[in-house]
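One-letter residues, chain by chain:
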Amino acid sequence: MANLLQIGTSGVLGHQQMLNTTGNNISNVNTDGYSRQRTLHNSQTDNMGLARSVTGREVNKFAQAELLIDSSAFSNKEKLLAEITRTDQVLSDESNNMSSGVSQLFESFHTANDDPTSISNRQLVIADAQTLAAGFRNVGEQLNNQARTVNSELIEKPALLNSLIKEVEGFNKQVMIAENTSRGASGTLLDQRDVTIEALAKELDISTIVNDNKSVSINLLNGQPLVMQNSVSQFQAVGGDPDPSNMELVLKIDKNTMPLQDIELGGRIGALIEFRDKTINSSLREIGQLSLGIADAVNTQNRMGLDLNGKMGKEIYTVPSTQAKHYSGNSNPAHVITTQLIAGEGSSLTTSQYQVSMTSSMSFDVYEIKNGERSANPLAINGAYPGPVEVTDHGFEIDFSAAAGGFQNGDKFLMSPTLFNLNDYDVTRSQPEDIALASILRAKTGPTNTTMSRISVTEISDSTLSFTNNDLNITAPQQISVNNSGDFDIYDGNGSYMATSSGALNGQDLFANAIPPLNPGVGYEIKMDGKPNPGEIFTLAYNRDAIADNSNGLKLAGLENDAKLRKNHKNNGENQMTFAEGISTMISTVGNKTRAARVDSAANEAKLVQSRNWIESVSGVNLDEEAANMVRYEQAYNASAQVVSISQKIFDTILNAAR
């Protein structure tokens, strides 16, 4: 009888616990992060009913690990897509259409060429030049605003990360305390910890380890610890090195601070950093390359002509300089270096960054940084400290003169020649008369020449060398005579012999190829078109009274179709493109990144759905199953209660029989 009572009582209590568990599952069917719980029984070894019941979660550790990986990957791609879509919208917005602005500028040059004397037509050129500059500034400001938003988000991220890390630490302590009791840690407590860990995984790529005491240790994928058994690490946002405006995260581990700027962090934080560094900043450098390329091409060609007042052309666009960023370990933060586009070399500019490393107080090496990788060998330079020093084939020069007292070995600087303050980019205080549509020099053929050969001016590199008071110096080369050998003898305005250029060079760069070389010492260059006969003479003169001349204006208009923009890191004609092609390339690059991000986001979302389905198949609550269990456990409970009731009746019968 006593045995029967014990068996029935253990059954009642055991099935009551199973009913409680099932009811709890049903109540939490819509609770995020809830894992289905199961109560398990063991039979008493002496066949005296049920032993102690144990309630636990139905989980699969491999499914949980997969969920963390997929959750982090999807959060990364989703965040990157959201950010890069905004940039794509800015660049493709018709109101920001830089391509139409470029086309309109050169169309206005064509209009001005129709009537070189028209002030209104020339004013149209100035207005369209200002509109294009404003367009570059507007797009640049919108992209800079996006970069500032990213940096603001990064500043706020440590508070969230540290809060989640602290929460996990708190749950760990509760779990360890509960594990020392007879009931152990509840499923609800473990679920809450898992939800917090998943929230952390959405921000960063992490890995987890379950320790023997049931606490969870969390590391970054590179191994940096976030949650340890007895301590936690904390994140902090700091200004980047060397650019303090680019916020970076550091990890404080005990008393040590570990920089994370060279670590792929993944999650939403990794997406923010990738978007800022590989889309925003690279697009800004491309806009800088475009704006400087157009400014340099227009300025260079305008200097080769005469304006409406018969004066030599001057610059139309301002060309801002850029100050390099100094690294935190430099000997003197006040010591700076600047970079400046070399006039006429805009087609050599790249979108790369460059590192200047001082090897002594007056010597240095320059390295190119592209795609985040520094070149193995220093670049060739032309010039010496304090400069200006030209970086060969890269279109810019470096000036060290602002550093009073000099530098020290080990000082480093990061230069971005095409990343400058776009607010400094504008049209100079030009008047319509300043548009130099006429050629600065007029070429004539001798009256006795027998061929159709002509000379033409190909470059005005420095108007201060051979021109004074808007006239050609008498000592400058002004006459070319073909000698009996077919070579070109060069004479100045006095008829004095200066040099000879070989006829075997197809008439290219007569002054630079002359012996002795005359250019760049004379500041202009010419070429010979055709094959003149010996004795033919050609002359150059200042182009006076040429207000109706549009020969230089045609060249200004033709810049639209000239390959004046560097396509990649090789400096040759095959790797040059037009301004329209450059704008199209920039827009399509961001567009392609956006499409790739959209595909990646969809793919990672599908993978995350699979992981969640796997989790649901193991840990999810199925109402049909729970309802069936409720009926089954209720029947078992009632049956066990009936056993107790029967044992009670037997006991009462025995008592009555004994009376």
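Remember, predicted model here, so these are calculated numbers, not experimental data.

## Thoughts on the overall build of the chain
A tally of regular secondary structure across the chain gives 10 helices and 30 strands. Taking 659 residues into account, the globule formula puts the C-alpha radius of gyration at 26 Å, and the chain, at 40 Å, lies well above it. For the chain, restricting intrachain contacts to residue pairs at least 6 apart in sequence, the fraction spanning at least 24 positions comes to 65%. Within the structure as shown, the chain displays about 31400 Å² of accessible surface, and the carbon and sulfur contribution to it stands at 49%. On the chain, the mean spot of the 51 positive side-chain charges and the mean spot of the 75 negative ones are 7 Å from each other.

## Quick word on the side chain of Asp-70
For Asp-70, the position within the fold is in helix H2 (residues 61–92). The class of Asp-70 is buried, set by a relative accessible area of 6%. Within the local environment of Asp-70, its side chain forms a polar contact with the side chain of Lys-607, the two groups lying 2.9 Å apart.

## Some remarks on the environment of Ser-352
Following the sequence through the fold, Ser-352 ends up in the loop between strand E12 (338–341) and strand E13 (353–358). Overall, Ser-352 belongs to the buried group, its relative accessible area being 3%. Sequence spacing of Ser-352 and Leu-559 is 207 residues, and the spatial spacing of their C-alpha atoms is 24 Å. A polar atom in the side chain of Ser-352 sits 2.7 Å from the side chain of Glu-368.

## Looking at the packing of H2 against helix H9 (residues 579–619)
For the pair H2 and H9, the least separation of the axes is 7 Å and the interaxial angle reads 155 degrees. Compared by their axis directions, H2 and H9 come out roughly antiparallel. Our pair here, H2 against H9, has a crossing hand that is left-handed.

## Observations regarding the packing of helix H6 (residues 267–303) against H9
Following both chains from N to C, one finds H6 and H9 inclined at 175 degrees, their axes separated by 10 Å at the closest point. Judged on the interaxial angle alone, H9 and H6 are roughly antiparallel. Where H6 abuts H9, its residues Lys-278, Thr-279, Ser-282, Ser-283, Glu-286, Ile-287, Leu-290, Gly-293, Ile-294 and Ala-297 lie against Phe-579, Gly-582, Ile-583, Met-586, Val-590 and Lys-593. Partitioning the contact of H6 with H9 into residue classes produces 8 nonpolar, 5 polar and 3 charged.

## Overview of the pattern of salt bridges
All told, the structure shown has 23 salt bridges when counted by the stated rule. In this structure, Arg-86 engages Glu-83 in a salt bridge whose closest nitrogen and oxygen atoms are separated by 2.5 Å. Residue Arg-86 and its partner Glu-83 are both found in helix H2; the two are separated by 3 residues, about one turn of the helix. In this structure, the salt-bridge partner of Arg-268 is Glu-203, at a minimum N-O distance of 2.9 Å.

## Concerning the sheet that holds strand E15 (residues 373–374)
Read across the sheet, 5 strands follow the order E11-E19-E13-E14-E15 without closing on themselves; strand pairing throughout is antiparallel. At either end of the open sheet lies a strand with only one pairing partner, and these are strand E11 (325–326) and E15.

## Looking at the pairing of E12
Because side chains alternate across E12, one face comprises the buried residues Thr-339 and Leu-341, and the other comprises Thr-338 and Gln-340, none of which is buried. Across 2 bridges, strand E10 (residues 322–323) lies against E12 in antiparallel orientation. Note on E12: the bridge partner recorded for Thr-322 is Thr-339. The sheet contact formed by E12 and strand E18 (residues 396–399) spans 4 bridges and is antiparallel.

## Side note on the environment of Gly-8
Within the secondary structure, Gly-8 sits in helix H1 (residues 2–27). Taking the C-alpha atoms as reference, Gly-8 lies 74 Å from Gly-372; in sequence the two are 364 residues apart. With residues near it in sequence (within four places) discarded, Gly-8 still touches Ser-640, Val-643 and Val-644.

## Quick notes on the side chain of Asn-330
Turning to its location among the elements, Asn-330 is positioned in the loop between E11 and E12. Judged by relative accessible area, Asn-330 falls into the buried class, the value being 9%. At 2.9 Å, the side chain of Asn-330 and the backbone oxygen of Lys-412 are in polar contact. Among residues more than four places away in sequence, those in contact with Asn-330 are Gly-410, Asp-411, Lys-412 and Phe-413.

## Thoughts on the sheet that holds strand E16 (residues 381–382)
Within the open sheet, the 5 strands sit side by side as E10-E12-E18-E17-E16. Their pairing is antiparallel. Since the sheet does not close on itself, it has two edges, and those belong to E10 and E16, each with one partner. Relative to E18, strand E17 (residues 389–391) runs antiparallel, the two being bridged by 3 bridges. Residue pairing in the sheet places Glu-390 in a bridge with Glu-397 of E18.

## Some thoughts on a negative patch on the surface
Together, Glu-345, Asp-393, Glu-459 and Asp-509 line one region of the surface with negative charge. When you line up the elements, Asp-393 lands in the loop between E17 and E18. On the basis of relative accessibility, which here comes to 43%, the residue Asp-393 falls in the partly exposed class.

## Concerning the packing of aromatic side chains
If you walk through the whole model with that rule in mind, you get 15 aromatic pairs. Centre to centre, the rings of Phe-511 and Tyr-524 are 5.5 Å apart; their planes meet at 80 degrees, and the pair counts as edge-to-face. Of this pair, Phe-511 sits in the loop between strand E25 (497–501) and strand E26 (514–515) while Tyr-524 sits in strand E27 (residues 524–529), and the two are 13 residues apart along the sequence. Each member of the pair Phe-511 and Tyr-524 is classed as buried. Counting every residue linked through ring pairs, the aromatic cluster contains Phe-364, Tyr-385, Phe-400, Phe-407 and Phe-413. Note that Arg-374 overlies the ring of Tyr-367, its terminal NZ or CZ placed 3.7 Å from the centroid. The ring of Tyr-327 is capped by Lys-412, whose NZ or CZ atom sits 4.7 Å from the centre of that ring.

## Considering the environment of Asn-613
Structurally, Asn-613 is set in helix H9. With 603 residues separating them in the primary sequence, Asn-613 and Ser-10 have C-alpha atoms 37 Å apart.

## Let's talk about the nonpolar core
Nonpolar side chains in soluble globular proteins generally cluster together in the buried interior. By size, the foremost hydrophobic cluster in this structure holds 98 residues, and its most contacted members are Leu-204, Leu-226, Tyr-317 and Val-356. Looking at which element gives the most residues to this core, the answer is helix H4 (residues 119–179), with 15 residues. Filtering out sequence-adjacent residues up to four positions away, Leu-226 remains in contact with Ile-165, Leu-200, Leu-204, Ile-206, Ile-218, Asn-219, Leu-220, Val-232, Ser-233, Phe-235 and Leu-251. Counting residues in each nonpolar core, the second largest holds 29 residues, with Leu-472, Ala-476, Met-528 and Leu-540 among its members.

## Some thoughts on H4
Between its first and last C-alpha, H4 extends 89 Å over 61 residues, near the 90 Å set by a 1.5 Å rise per residue. At Glu-156, H4 is bent by approximately 30 degrees, the largest bend along its length, and proline Pro-158 sits one to four residues beyond.

What counts, and where the lines are drawn
Residues numbered from 1 in each chain as written. Predicted model: local features only at pLDDT ≥ 70, side-chain atom pairs only at ≥ 80, totals over all residues. Heavy atoms only, no water. Helix = DSSP H or I, 4+ residues; strand = E, 2+ residues; numbered from the N terminus. Rg over C-alpha atoms; globule rule 2.2 N^0.38 Å. Contact = heavy atoms within 4.5 Å. Areas by Shrake-Rupley, 256 points an atom, 1.4 Å probe, with all protein chains shown as cover. Lys, Arg positive; Asp, Glu negative; His and termini not counted. Charge placed at Lys NZ, Arg CZ, Asp CG, Glu CD. Buried < 20%, exposed > 50% of the residue type's maximum accessible area, 1.4 Å probe, protein only. Polar contact = N/O pair within 3.5 Å; in protein donor to acceptor, adjacent residues only side chain to side chain. Axes fitted to C-alpha atoms, helices over the stretch in contact; angles between N-to-C directions. Parallel < 35°, antiparallel > 145°, perpendicular 65-115°, else oblique. Left-handed = near helix turned anticlockwise from the far one by under 90°. Nonpolar A, V, L, I, M, F, W, Y, C, P; charged D, E, K, R; others polar. Salt bridge = Lys/Arg side-chain N within 4 Å of Asp/Glu carboxyl O. Pairing = 2+ DSSP bridges. Patch = residues over 30% accessible without salt bridge, like charges linked within 9 Å, V, L, I, M, F, W, Y side chains within 5 Å. Phe/Tyr/Trp six-rings, centres within 6.5 Å; stacked < 30°, edge-to-face > 60°. Lys NZ or Arg CZ within 6 Å of the ring centre and 35° of its normal. Core = buried A, V, L, I, M, F, W, Y, C linked by side-chain atoms within 4.5 Å. Expected span 1.5 Å × (residues − 1). Bend = angle between axes of the 7 residues up to and from the residue.

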